[in-house]
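So you can see what is in the structure, the chains are spelled out below.
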Amino acid sequence: MIVAMLEKATEEEIDAVIDAMVEAGVGVHRTTGQMQTILAGVGPTASVDLAKFEVMPGVMHVHRISSPYKLAGRNWRPEGTVVKFRNGVTVGGKQMVMMAGPCSIEDREQIFETARRVKGAGGSFLRGGAFKPRSSPYAFQGLGIPGLELMREAAEAHGLLVVSEVMEISQIEPMLPFVDLFQVGARNMQNFNLLRELGLIRKPVLLKRGIAATIEEMLLASEYILTGGNYDVILCERGIRTYETATRNTMDISAIPVVKKLSHLPIVGDPSHGTGRRDMVAAMARASVAAGADGVIVEVHPNADKAASDAAQTLYPDQLDQLMGELRLIANAVGRSF
Ligand code: PEP
Ligand code: MN
């Protein structure tokens, strides 16, 4: 950490800051310039509350120079993490993945027909929620475990992997036989107890960015899973809430290169929740791949307009076919493939 003192800072104020740094277990190197004093702190600064120093008399600003997350940071695995699944599917390497399916599992016919079309388009994962975090308690809440049974069967029939959302700790155990990848939804990104439990299992986790979360908060959330020893974490940019109302959320495409720089974890783009609009999903999917994402997750349904949840952002299967053709071209252009 670096503490830059104000030009007019007194010796007493400087000493008080040095004392506070030492008390926090940080070694202090002082540089007294012609105008200003700079204090460089080395040691276990990750746990130091910088805000405490910012409000001390005589302080101009305080910067963190090492990242507050250790295991999620690029330094920990400079070569990048590749998450391996059954069927030879990997996320984070040269191969890109398409995860597609309905927002919610509704019935047998819907999930089997979706699986057939996702496989036909070249997808590797079937997505579908069985436990749905809905804004209204009166909205469809999902089929629960019977829905997951259907999805597993449909996925097996078509050689697909399964990704589905887990909303609470008690669902982890019963979901284990049915999913290949546990999704943590945006609303639970900072459910730290759930994240800790997912750190103890040995199955990959797809961690979606919170609706109002900074990139740093998303990386710190992933750290909760990693510290348990579960290193198979995939991040997901799914749009954040801003003052813009033209789209459901504002898809932060720049988060993709930022995460790639700061972290070794793979990241996928979710243009369905990122835009909330079927007519804009393809553009943001293409942008995600061009920006360096490791894959895309989209909502698709054979009868998209009638989907029980998120109908307006759900693609028709023909649109998924067309999108995959476009994504293959873009992937090739950036040295990857679907
Ligand atoms: C979903 O994937 O259907 C979902 C609810 O996503 P999010 O958590 O990003 O809103
Ligand atoms: Mn959805």
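Residues numbered from 1 in each chain as written. Chains lettered and ligands numbered in written order. Predicted model: local features only at pLDDT ≥ 70, side-chain atom pairs only at ≥ 80, totals over all residues. Heavy atoms only, no water.

Observations concerning the overall build of the protein
The condition that has to hold: Secondary structure elements follow DSSP: runs of H or I of four or more residues count as helices, runs of E of two or more count as strands, with numbering from the N terminus. Relative accessibility under 20% of the residue-type maximum defines a buried residue, over 50% an exposed one, and the middle range a partly exposed one, all with a 1.4 Å probe and only protein chains included. In what follows, residue pairs with any heavy atoms lying within 4.5 Å of each other are defined as contacts. Under the convention used here, a 1.4 Å probe and the Shrake-Rupley method define accessible areas, while residue burial counts only the protein chains that appear. Positive charge is attributed to Lys and Arg, negative charge to Asp and Glu, and no charge count is given to His or to the chain ends. Charge positions are represented by NZ for Lys, CZ for Arg, CG for Asp and CD for Glu.
Tallying secondary structure elements over the protein gives eleven helices and 14 strands in all. Along the first, second and third principal axes, the C-alpha set of the protein runs to 75 × 40 × 40 Å. Counting across all 338 residues of the protein, residues that qualify as buried make up 51%. Long-range contacts, defined as pairs at least 24 residues apart, comprise 67% of the intrachain contacts of the protein with a sequence gap of at least 6. Of the roughly 14600 Å² that the protein leaves accessible, carbon and sulfur atoms contribute 54%. A distance of 6 Å separates the average location of the 35 positive side-chain charges in the protein from that of its 38 negative side-chain charges.

Some words on the domain arrangement of the protein
For clarity, the threshold we go by: Residue ranges for the domains trace back to a domain assignment, done automatically or taken from a database.
You can read the domains of the protein as domain 1 (2–63) and domain 2 (83–333). Computed over C-alpha atoms, the centres of domain 1 and domain 2 are 43 Å apart.

So, the pattern of salt bridges
For clarity, the threshold we go by: By definition here, a salt bridge exists when the distance from a side-chain nitrogen of Lys or Arg to a carboxyl oxygen of Asp or Glu is within 4 Å.
The final tally for this structure, using the stated rule, is 19 salt bridges. Measuring nitrogen to oxygen at the nearest pair gives 2.9 Å for the salt bridge that ties E113 to R116. One end of the pair is E113 and the other is R116, both in helix α3 (residues 108–121) and three residues apart, which spans about a single turn. We note a salt bridge from D270 to K208, for which the minimum N-O separation is 2.7 Å. Residue D270 is found in the loop between β13 (267–269) and α9 (271–275), and its partner K208 is found in strand β11 (residues 205–208); the two are separated by 62 residues along the sequence. K208 carries the same exposure label as D270, and that label is buried. Each of R86, R152, E156 and D180 takes part in a single network of salt bridges with overlapping partners.

Points about the coordination of the manganese ion (ligand 2)
So the rule is basically this: Donor criterion used throughout: N, O or S atom within 2.8 Å of the metal, extended to 3.2 Å for Na, K and Ca. Water excluded; incomplete-looking sites may result.
Distances from the manganese ion (ligand 2) to its protein donors, C103 (SG), H273 (NE2), E299 (OE) and D310 (OD), fall at 2.1 to 2.4 Å. Mapping the donors of the manganese ion (ligand 2) onto the primary sequence gives the spacing C-x169-H-x25-E-x10-D. With C103 in the loop between β7 (97–101) and α3 and D310 in the loop between β14 (295–299) and α11 (317–333), this pair connects stretches of sequence that are 207 residues apart. For the pair C103 and D310, a shared accessibility class is recorded, and that class is buried.

Here we look at the layout of surface pockets
Threshold: A cavity here means a set of points on a 1 Å grid, drawn over the protein atoms and nothing else, where a 1.4 Å probe fits but cannot get out; a pocket is an open set with protein on both sides within 12 Å along at least five of seven lines, and a residue lines either one if it has an atom within 4 Å of a point. Grid points are joined across faces, edges and corners, and a volume is the space filled by probe spheres set on the points. Nonpolar residues are Ala, Val, Leu, Ile, Met, Phe, Trp, Tyr, Cys and Pro. Charged residues are Asp, Glu, Lys and Arg, and all others, Gly as well, are polar.
What the largest pocket holds in volume is close to 240 Å³. Considered class by class, the residues forming the lining of the largest pocket number four nonpolar, six polar and nine charged. In this model, the second largest pocket occupies a volume close to 150 Å³. Around the second largest pocket, the lining residues are S67, Y69, K70, G73, R74, N75, W76 and L262.

Looking at the packing of aromatic side chains
We apply this condition: Only the six-membered ring of Trp is used, alongside the rings of Phe and Tyr, when aromatic pairs are assigned; centres must lie within 6.5 Å, and planes under 30 degrees apart are stacked while those over 60 apart are edge-to-face, with the rest tilted.
Following the criterion strictly, the structure yields three aromatic pairs and no others. Both rings, one in F85 and one in F125, keep their centres 4.9 Å apart while their planes meet at 90°; by these two values the pair is edge-to-face. One end of the pair, F85, is in the loop between β5 (83–84) and β6 (90–91); the other, F125, is in strand β8 (residues 125–127), with 40 residues separating them in the sequence. For the pair F85 and F125, one class covers both residues: buried. With 4.4 Å between their ring centres and 25° between their planes, F192 and Y224 make a pair best called stacked. Linking F192 in helix α6 (residues 192–200) with Y224 in helix α7 (residues 215–226), this pair joins segments that are 32 residues apart in sequence. A relative accessible area of 31% means that F192 is categorised as partly exposed. Taking relative accessible area as the criterion, Y224 reaches 25% and is therefore assigned partly exposed.

What to know about the site of ligand 1
We count it as follows: Here a residue is considered near a molecule or strand provided that any single heavy atom belonging to it is located within 4 Å of it. Within 3.5 Å is the distance limit for a polar contact, defined as a pair of N or O atoms, with the added protein rule that one can donate a hydrogen and the other accept it, and that residues adjacent in sequence qualify only through two side-chain atoms.
Neighbouring ligand 1 are the residues C103, R127, K132, E165, Q183, G185, A186, R187, K208, R238, H273 and E299. Take A186: an N or O atom from its main chain is 2.7 Å from an oxygen atom of ligand 1. Within the side chain of H273, a nitrogen or oxygen atom sits 3.1 Å from an oxygen atom of ligand 1. Calculation on ligand 1 without its partners gives an accessible area of 290 Å², and the protein chains cover 97% of this total. By residue class, the composition of the shell around ligand 1 is two nonpolar, three polar and seven charged.

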